[in-house]
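Residue strings, one per chain:
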Amino acid sequence: MKALNDIQNFYFIGIGGIGMSGLAFYFQSEGKNVAGYDKTPSDVTTKLQEAGVAVHFQDKGDAIDETFADKENTLVIYTPAVPNTMGELVRFRESGHTLKKRAEVLGLIANQSFSLAVAGTHGKTTTSSILGHLLTATGAPVTAFVGGITNNYNGNLIQNGSDITVVEADEFDRSFLQLTPDILCITSMDADHLDIYEDEADLVATFQEFGSLVAPEKRFIRNGLPLAGNTVGVEDDATYSAQNVRIVDGAYHFDFKYPEGVLKDLKLTLPGRHNLFNATTALSMAVANGTPVAKLPEALASYAGVNRRFTYRYQSQDKVLIDDYAHHPTEIAAVYQSIKEMYPGEEVLAIFQPHLFSRTKDFMADFATELSRFDEVALLDIYPARELPIEGITSQALLDKMTLSNKEIVTKNRLPEIVTASNKKIIVMMGAGDIGVEILKVTKILQSEN
C-alpha cells in the first residue's frame, strides 16, 4: 500500500460512525477525495455532506463510483459493524482493493507524528477532548481525534496543526495495539467487551501490553491500577492529583499537584468526580508534553464538554433533563454520583437503554444494583448493535433483578409522555444506542411546551 499522503481517494463503509467520520473529516481537510456509505442519515452525515463529502445511504454493490475503481490510489476504510455480505464491501474485496479497519488507519496517522494516546474502559472521550482542547487553547500544533462531538469545536476532530496527534486508544478488538504512542494514559481497566476478551484477566493483560508500549515515565495510570508509571488521582497520594476540591456555583475548583509544584485554583465546569479525574489526567499529559503550565488554568476553564456526556438538554425550575452516553455499570454509578452531588435531595427518574446482549449478560447483577439506586427507572429494550439475541437476556430479566419498586419496561414512543408527566425534577436518559435520537425528540417537545 502507498503511504497515506500519496493516496488520493478514501472510501468509508460506515462513514457516519463517530470514529469513522472523524477520519473522513480529516482526509477531507487534507484535500483528499472522500466519499462513503452509511445505513441511515444523521447530524454527522449531514455535516459531512456540508463539508463536501459524498455520502449515500443505499448499498451500491457493484455500482460504485468509477473514481474509486483505481485500487492503487484508493483506500477503503470499514467498520466491523458492517456485515461481511454487504455488497460494496464484497465488491472492494473481490477487486483487490486495500481495506483497513478504522483503528489501523488511525494508527497510521498517529504514528506519523508525536502522539498522545488515551486508553481506558471509561473516560477516553472526555479525557482526550480535554487534552486536545488544552493543547489547542495553549497554542500547540495538534490534531485530536475524539469519540464524541466536542462542544468547543462542534465536531469530533480538533485541528490546530499536525506535529502532535491526540487519539482515543480503543481496547475493543485490541485495536489500541496498532498505536506507537509517545505518551499514554490508562484511565480504567474495568471488565468490558467480554465478547472479545476471554475474561477480565485477559483484558487487564492486554491493557498492560498497551502500557508497555512506552517507558514508565511516559505512562499516566489511574492510582491503584496494576501497572507502573506516573499515578493520577483525586485527593489521594498520586504523583499527579486534584487537591483541595470544592464546588463553587456549580463548578469544581481545585488545586493541581504535580512533581514540580502546585497549580492553584483551577476551574472545571463538568460535574462528577470521574470528570475531575479525567481533567487531572489530561492536565498531567499536557504537562508531560511541555505545555506552559501557567496557561493551563485559563484553557481548562474554557473547556465546554462533549455531547452526550452529562449534557443538559432542558432546564427549568421544575424539570431538568440530562443526557448521558453511560452504558456500563461503572458509568451509571458515575452519573448517579454526579446528580446527587449537583442536586442533593432531589428525586431522580432514570431512563436506560441497555447496549448489547453480551454486555447485559456479563453485568446483569451490576446493572441491577446501580439502576436500583435511582428513585424510578424506565427500561427500553436492549439495543443489539452488532449482536444477535441471547436466550434469557432481556430488559425484563434485568428489571426483575432490580430492587426498587418504581420500575417498568417502556417503548420509545412512550418516552415523551413519561418525561413530561413525571413528577421527578431530575430526569436522566442513558445509553449508547439510538436513545440519543429519542432524547432529542423529547427535548423538542419540552421546549415547545414552555
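Just so you know, these numbers come straight off a predicted model, no measurement behind them.

(A) Layout of the sheet that holds strand β2 (residues 33–37). Taken together, the five strands give an open sheet; going across it, the order is β3-β2-β1-β4-β5, and neighbouring strands pair in parallel fashion. The open sheet terminates on both sides in strands that have one partner only, identified here as β3 (54–56) and β5 (98–101). For this sheet the average axis-to-axis angle between neighbouring strands, irrespective of direction, equals 20°. As defined by bridge partners, strand β1 (residues 9–13) adjoins β2 across five bridges and the pair is classed as parallel. Bridging across to β2, F12 finds its partner in G36. Taken strand by strand, helix α1 (residues 18–29) contacts β1, β2 and β4 (74–78), and its axis lies near 165° from that of β1. Here helix α3 (residues 87–94) sits on the sheet in contact with β1, β2, β3, β4 and β5, set at roughly 135° to β1.

(B) Examining α3 more closely. Those residues of α3 lying buried are E88, L89 and F92. Along the axis of α3, the buried positions cluster into a sector of 100°, meaning they face one direction only. Here the buried face of α3 lies against β1, β2, β3, β4 and β5. Of the residues trailing α3, G96 is marked for its positive phi of about 85°.

(C) How the structure looks around helix α6 (residues 200–211). The first and last C-alpha atoms of α6 sit 16 Å apart over twelve residues, in line with the 16 Å expected at 1.5 Å per residue. Considered for burial, the residues of α6 that qualify are D202, L203, V204, T206, F207, F210 and G211. On its buried face, α6 sits against β6 (114–119), β9 (164–169), β10 (183–186) and β11 (219–222).

(D) The arrangement of the environment of T143 in detail. Looking at the element boundaries, T143 is found in strand β7 (residues 142–150). Remark: the alpha-carbon pair of T143 and I109, spanning 34 residues in sequence, is separated by 10 Å. Apart from residues lying up to four places away in sequence, T143 is in contact with Y26, L157, I158, Q159, G161, S162, I164, T165 and V166. At 2.6 Å, the side chain of T143 and the backbone oxygen of G161 are in polar contact.

(E) Inspection of the packing of helix α9 (residues 329–342) against helix α11 (residues 364–371) at higher detail. With their axes 9 Å apart at the nearest point, α9 and α11 run at an angle of 10° to one another. Viewed along their axes, α9 and α11 adopt a mutual orientation that is roughly parallel. Contacts between α9 and α11 involve P329, I332 and A333 on the former and, on the latter, D366, F367, E370 and L371. Counted by class, the contact of α9 with α11 contains five nonpolar, no polar and two charged residues.

Reading the values: rules and limits
Residues numbered from 1 in each chain as written. Predicted model: local features only at pLDDT ≥ 70, side-chain atom pairs only at ≥ 80, totals over all residues. Heavy atoms only, no water. Pairing = 2+ DSSP bridges. Helix = DSSP H or I, 4+ residues; strand = E, 2+ residues; numbered from the N terminus. Axes fitted to C-alpha atoms, helices over the stretch in contact; angles between N-to-C directions. Contact = heavy atoms within 4.5 Å. Buried < 20%, exposed > 50% of the residue type's maximum accessible area, 1.4 Å probe, protein only. Arc of directions from axis to C-beta. Expected span 1.5 Å × (residues − 1). Polar contact = N/O pair within 3.5 Å; in protein donor to acceptor, adjacent residues only side chain to side chain. Parallel < 35°, antiparallel > 145°, perpendicular 65-115°, else oblique. Nonpolar A, V, L, I, M, F, W, Y, C, P; charged D, E, K, R; others polar.

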